[in-house]
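Below, each chain spelled out in residue letters.
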Protein chains: 2
Amino acid sequence: MKIIASITQSVDGFVTGPDDGPRLGLGRGGERLHYWVFGGPWTYDDDERDLGQMTGEDKVYFDALVAGLGAAICGRGMYDAAGAWGGTNPFDGRLFVVTHRTDDAPDPPSGFTFVPGFEEALGQARAAAGDRDVAIGGGADLIRQALDAGAVDVLSISTAPVVLGAGKRLFEGFGKDLDLDILDVHPSPFATHVTYAVRR
Amino acid sequence: MKIIASITQSVDGFVTGPDDGPRLGLGRGGERLHYWVFGGPWTYDDDERDLGQMTGEDKVYFDALVAGLGAAICGRGMYDAAGAWGGTNPFDGRLFVVTHRTDDAPDPPSGFTFVPGFEEALGQARAAAGDRDVAIGGGADLIRQALDAGAVDVLSISTAPVVLGAGKRLFEGFGKDLDLDILDVHPSPFATHVTYAVRR
C-alpha cells in the first residue's frame, strides 16, 4: 500500500485563489484550477447537472490515481469548501476528515469519519485501506504536514495553465529538502499532471 | 518575433537554493535543478570537461527553444552567478545584462552588453533580434518584471524533481492574474518542460 498525496495548483503554486471556502470552493478565479476535472470551463454558478465530464489524458491520469485507493484523508477546510459533497462521500472507501471540531461529525453512513489529528487519521485510513492505497487530498496544509512527517510515498501535482497571483500556496512555509523521482506525466490542454515518488 | 521567458524551478517553485551566487551558481542543493542541462547528476566541484551532455527530451526541448533566438536578456545576478560564462557570451545573438552597475561592462567583443534597466534592455534586444525571438533568462526578479510589464509572449518552465524548501521563489510577491495556454510539454527523467502562451 502507498500513501498518495494529490492536488492541483496554479503555475505560481497556489491551490486556491483568494476567499476560498463554502460558497466559493477554490476561491476567486480558482475554478480555472479544475477545468481539467470537468473537461473545460465552468463557474461556481453552474448547475451541477450542467458540469462537463473529465476527458482524454485528464481521465487517464485520474482513473489510474483512484484505481488502487482504499481510503482517503482530507482537511476540514476542503470538506467544508466542497459542501461535504452534498452530505455523502463520493469516493470509493472511507474519507477521514482531519478537524479539531469533531462535535458536528456526520453519521457513519455518510462515509465520512471526523478525526482530530493527522497522525490518527493516517492510522485509521491505513487500517481501513488494508492492502489498498491511501489518498491525501487537500488542503495545502494537510499535504505539507504529511510531507513533513515523511508519510508520503507518491506526490501527484496537477498544474493548471493559470497564474493566480494570490491564494493559498501549496509549499508556503515548507522548509524541507526532498528528492523526488518522476514516475509519469500526463499532459492535457487543461493541466499537466506529474506524479513523483518521494525518495526515502 | 516573440519574447520568450524561460527558467528552471523546483517542485516548490524555487529557481535557486540558498546562497546562490558566483561560487555556488544555483545555491546549495540547486545543482539538481540543472541535472537536465548536463544529462544527469553533477556538482559545483566538477571540472567543466567532465560535465555531461543534454539528452533525449531535454535536448529536443532546448533545441526548439533556442532555434529562433536572435538576442537574450538576463539579470546581473545570473550573469555573476554564471561567472560571466568565462568571459564570452556562449549564446547565439547578443546577451543584454540588466544591471545598475554598468561601470564594469566588458568589451563589446565579449558578446555582452550592460544596460541599466529592463525596458531599455528589451528595446535594444528587440532591435538586435530583428525578426527573431528574444529570450529572457533569469533571475526570477527579471522574469517577474517582464511578466508584470506584459512583455512576455511565451513562458517556458522546466520543473526539476526536487523540493528545495528555501531559496529564490520564481513568483515571490507577484500579484497578477494571468491566463495561459499550454503549447507543449516535454517530459524527461530530469525535468518536465512546459511551454505556455501568455494570453493578452
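Our structure is the block above this text.
Residues numbered from 1 in each chain as written. Chains lettered and ligands numbered in written order. Predicted model: local features only at pLDDT ≥ 70, side-chain atom pairs only at ≥ 80, totals over all residues.

Peer 1: I'm lost on the relation of the copies chain A and chain B in this one. Help?
Peer 2: Between the two copies of this chain, the relationship is a rotation about some axis together with a displacement along it. Laying chain A over chain B is done by rotating through 180° and shifting 0.0 Å along the axis; what remains is an RMSD of 0.0 Å. Taken together, these values place the two copies in the relation of a two-fold axis. Minimal C-alpha distance to the rotation axis in chain A is attained by A:Gly13, lying at 3.4 Å. A shared binding surface is used by both copies, with 100% of the interface residues of chain A retained as interface residues in chain B. (Least-squares fit on C-alpha atoms with pLDDT ≥ 70 in both. Contact = placed C-beta atoms within 7 Å.)

Peer 1: Hey, could you run me through the nonpolar core in this one?
Peer 2: Considering soluble globular proteins, one finds that nonpolar side chains tend to be buried as a cluster. Counting residues in hydrophobic clusters, the biggest one holds 106 residues, and the most contacted among them are A:Ile73, A:Ala125, A:Ile136, B:Ile73, B:Ala125, B:Val134 and B:Ile136. With residues near it in sequence (within four places) discarded, A:Ile73 still touches A:Phe96, A:Val98, A:Ala121, A:Leu122, A:Ala125, A:Val134 and A:Ile136. (Core = buried A, V, L, I, M, F, W, Y, C linked by C-beta atoms within 7 Å. Buried ≥ 20, exposed ≤ 12 C-beta atoms within 10 Å, placed from the backbone.)

Peer 1: Explain the interface of chain A and chain B here, please?
Peer 2: One widely used convention gives an interface's size as the accessible area the parts lose upon coming together. Chain A puts 27 residues into the contact, and the matching count from chain B is 27 residues. Within the residue set of the side of chain A that touches chain B, elements represented by two or more residues are strand S8 (162–163), strand S10 (178–187) and strand S11 (192–198) of chain A. Split into classes, the residues belonging to the side of chain A that touches chain B amount to 17 nonpolar, five polar and five charged. For S8(A) and strand S10 (residues 178–187) of chain B, the ladder comprises two bridges, and the chain directions are antiparallel. Opposite A:Val162, over in S10(B), you have B:Asp179 as the bridge partner. (Helix = DSSP H or I, 4+ residues; strand = E, 2+ residues; numbered from the N terminus. Nonpolar A, V, L, I, M, F, W, Y, C, P; charged D, E, K, R; others polar. Pairing = 2+ DSSP bridges.)

Peer 1: Whenever I open this one, the sheet that holds strand S6 (residues 133–136) of chain A confuses me. Can you help?
Peer 2: Strands in a sheet are paired, the pairing made by backbone hydrogen bonds, and the direction either parallel or antiparallel. Reading across the sheet, the nine strands line up as S5(A)-S4(A)-S3(A)-S6(A)-S1(A)-S7(A)-S11(A)-S10(A)-S8(B) and stay open at both edges, with mixed pairing between neighbours. Each end of this open sheet is capped by a strand with a single partner; those strands are strand S5 (112–115) of chain A together with strand S8 (162–163) of chain B. As judged from the three bridges shared by strand S1 (residues 3–10) of chain A and S6(A), these two strands associate in the parallel manner. Residue pairing for S6(A): A:Ile4 is matched across the bridge by A:Ala135. Strand contacts of helix H3 (residues 118–129) of chain A: strand S3 (69–75), strand S4 (94–98), S5 and S6 of chain A, with the helix running at about 165° to S3(A), the strand carrying the most contacts. (Axes fitted to C-alpha atoms, helices over the stretch in contact; angles between N-to-C directions.)

Peer 1: What's the story with the sheet that holds strand S5 (residues 112–115) of chain B in this structure? I'm lost.
Peer 2: Reading across from one edge, S8(A)-S10(B)-S11(B)-S7(B)-S1(B)-S6(B)-S3(B)-S4(B)-S5(B) is the order of the nine strands in this open sheet, with mixed pairing throughout. This sheet does not close on itself; its edge strands, each paired only once, are S8 of chain A together with S5 of chain B. Pairing analysis gives four bridges linking strand S3 (residues 69–75) of chain B to strand S6 (residues 133–136) of chain B, with the strands arranged parallel. Opposite B:Ala71, over in S6(B), you have B:Val134 as the bridge partner.

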